[in-house]
Amino acid sequence: MRVFDVGKRIGSRSTRRLFIRFCREMCRLSDRFEIEVAPFEVMLREPGAGFCVVVSPLRDLFLVSIGESRSFDVRVSSDESFVSALDLALERYLACASKSASAS
Amino acid sequence: MPERRSSRTLRDVSHLFLSQSRPVRDEARRGTACIWLAVADRSMNRAHCAAGLAAAFARQGMRVSLLEVCGSLPTIGYYFGMESAGHLSPALDRAALVSGSWNGTVRYWFSASVSSFRGRVEEEPDRAAPRAIVAAFPYPRGRSAEPFLSALRELSAVLAGGGPPEDGSPDAIIVAGGAEGIGGTGACVAGMREAFPRAAGFFVADHSVRETVAFERIVLPDDLRRSWARRMPPADPWFDDLAAGLLQVVSLRRREAVSLAAKG
């Protein structure tokens, strides 16, 4: 299954496009990501760094869950919420990469 | 953590760079150093390195023009404290060109597409101050490398004073690559050397990289990654040392070229 196919669950074309863009930008962050594409979500993890983000498409939006515990979600349905979610995910990724460097 | 020695500042070496000897290129290039940072793989944080180097030049009184062609996040906008809508613009629009300034000394532009810069970057207005032009980019693979480097050279020429494209050729090239992408790093070094045989070449990598390449190797400190998440340019003394070293090499090479030209 491909990320594009998972995104088809989203009815709005513009939100679907944001979903694809979000996944694409996340994938570009690191060559070390493990990417799992399931029917209802896309999970990107870098086990060595302790980074995990799960992107779940819904009918009119998609959820971005940051962290292994999925302690909080960002609901994305517009450019504004897209950049908020991407900014948070990016900051978390960089923080995890920094911590893993400190630990090694 | 081992204590790092205090860095040699650019002031200590600027007498070399700002010497009164006649430069090889035209007057517009006097006091201008053009440095290209080519990143060979994604294990290196291009924006972090570029922002740190630009800030190191700026800390010592140089005016800096910084270009980043950003194939992936983060962008330099993240490290210069831009709002999320600004530093993430290329994620929404690959052709978007974002610009800004930092501390009144660094002017920067970034876009995912090199063609977006055309006609939209301009020379540093303060010609009296020593200037650094820093261009950071992911090294393009295959046939796209040549037109990409040519376009980047034209942009550097505009920033250097609007001269012919040759004026945009880099004085020094830094290739940054990690252990995971050593094949790509080798291709990057070879491609840059072929395109700009006269430029000084440096290869920046962490300790894990054992392979040797034609460029002079500089080891990236392990603890540099600790500042990856901070939304400000890294201020590690390593960047000051790197900037000082680059200026020394550029200055000495220009002196040598002037000397050779004088001998006929």
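Residues numbered from 1 in each chain as written. Chains lettered and ligands numbered in written order. Predicted model: local features only at pLDDT ≥ 70, side-chain atom pairs only at ≥ 80, totals over all residues. Heavy atoms only, no water.

### Description of the overall build of chain B
In step 1: Helix and strand counts for chain B come out as 8 helices and 8 strands.
In step 2: Residues counted as buried form 57% of the 264 residues belonging to chain B.
In step 3: Contacts in chain B between residues at least 24 apart in sequence constitute 70% of all its contacts with a sequence separation of at least 6.
In step 4: A total of about 11,300 Å² of accessible surface is found on chain B, and carbon and sulfur atoms cover 51% of it. (Helix = DSSP H or I, 4+ residues; strand = E, 2+ residues; numbered from the N terminus. Buried < 20%, exposed > 50% of the residue type's maximum accessible area, 1.4 Å probe, protein only. Contact = heavy atoms within 4.5 Å. Areas by Shrake-Rupley, 256 points an atom, 1.4 Å probe, with all protein chains shown as cover.)

### Details of the confidence of the model for chain A
In step 1: Within chain A, residue pLDDT values average 92, and 98% of them lie at 70 or more.
In step 2: Mean pLDDT across the elements of chain A ranges from a minimum in helix H1 (residues 3-7) of chain A, with 90, to a maximum in strand E4 (residues 62-66) of chain A, with 97. (pLDDT = per-residue confidence, 0-100.)

### Examining the packing of aromatic side chains
All names here are of chain A.
In step 1: Taken as a whole, this structure holds 14 aromatic pairs over all chains when the rule is applied.
In step 2: Each ring, one from Phe33 and one from Phe51, has its centre 5.6 Å from the other, and the planes form 20°; the classification is stacked. Note that Phe33 is positioned in the loop between helix H2 (13-29) and strand E1 (34-38) and Phe51 in strand E3 (residues 51-57), a separation of 18 residues in sequence. This pair shows no difference in class: Phe33 is buried, exactly as Phe51 is.
In step 3: Between Phe51 and Tyr93, the aromatic rings sit 5.5 Å apart at their centres with planes inclined by 80°, giving edge-to-face as the arrangement. (Phe/Tyr/Trp six-rings, centres within 6.5 Å; stacked < 30°, edge-to-face > 60°.)

### Focus: the interface of chain A and chain B
In step 1: If you look at the interface, chain A gives 22 residues, while chain B gives 23 residues.
In step 2: Roughly 2,200 Å² is buried in total at the junction of chain A and chain B, and carbon and sulfur atoms are behind 54% of that figure.
In step 3: The largest per-residue losses of area from chain A upon contact with chain B belong to Arg28, Asp31 and Leu94 of chain A, which jointly make up 24% of the total buried on that side.
In step 4: Linking chain A with chain B are 4 salt bridges, by the criterion used here.
In step 5: Two residues, Asp31 of chain A and Arg42 of chain B, come together in a salt bridge whose shortest N-O distance is 2.7 Å.
In step 6: Listing elements by their share of the side of chain A that touches chain B, those giving two or more residues are H2 and helix H3 (79-103) of chain A.
In step 7: Take the side of chain A that touches chain B: its biggest share by element is 13 residues, from H3 of chain A.
In step 8: Class assignment for the residues of the side of chain A that touches chain B results in 11 nonpolar, 2 polar and 9 charged. (Buried area = accessible area lost by both parts, 1.4 Å probe. Salt bridge = Lys/Arg side-chain N within 4 Å of Asp/Glu carboxyl O. Nonpolar A, V, L, I, M, F, W, Y, C, P; charged D, E, K, R; others polar.)

### Regarding the nonpolar core
In step 1: By size, the foremost hydrophobic cluster in this structure holds 84 residues, and its most contacted members are Phe22 and Val64 of chain A together with Phe57 of chain B.
In step 2: In this structure, Phe22 of chain A is in contact with Val55, Phe62, Val64, Phe82, Ala85, Leu86 and Ala89 of chain A, ignoring residues within four places of it in sequence.
In step 3: Residues Tyr139, Ala145, Ala160 and Ala205 of chain B belong to the second largest nonpolar core, which totals 33 residues. (Core = buried A, V, L, I, M, F, W, Y, C linked by side-chain atoms within 4.5 Å.)

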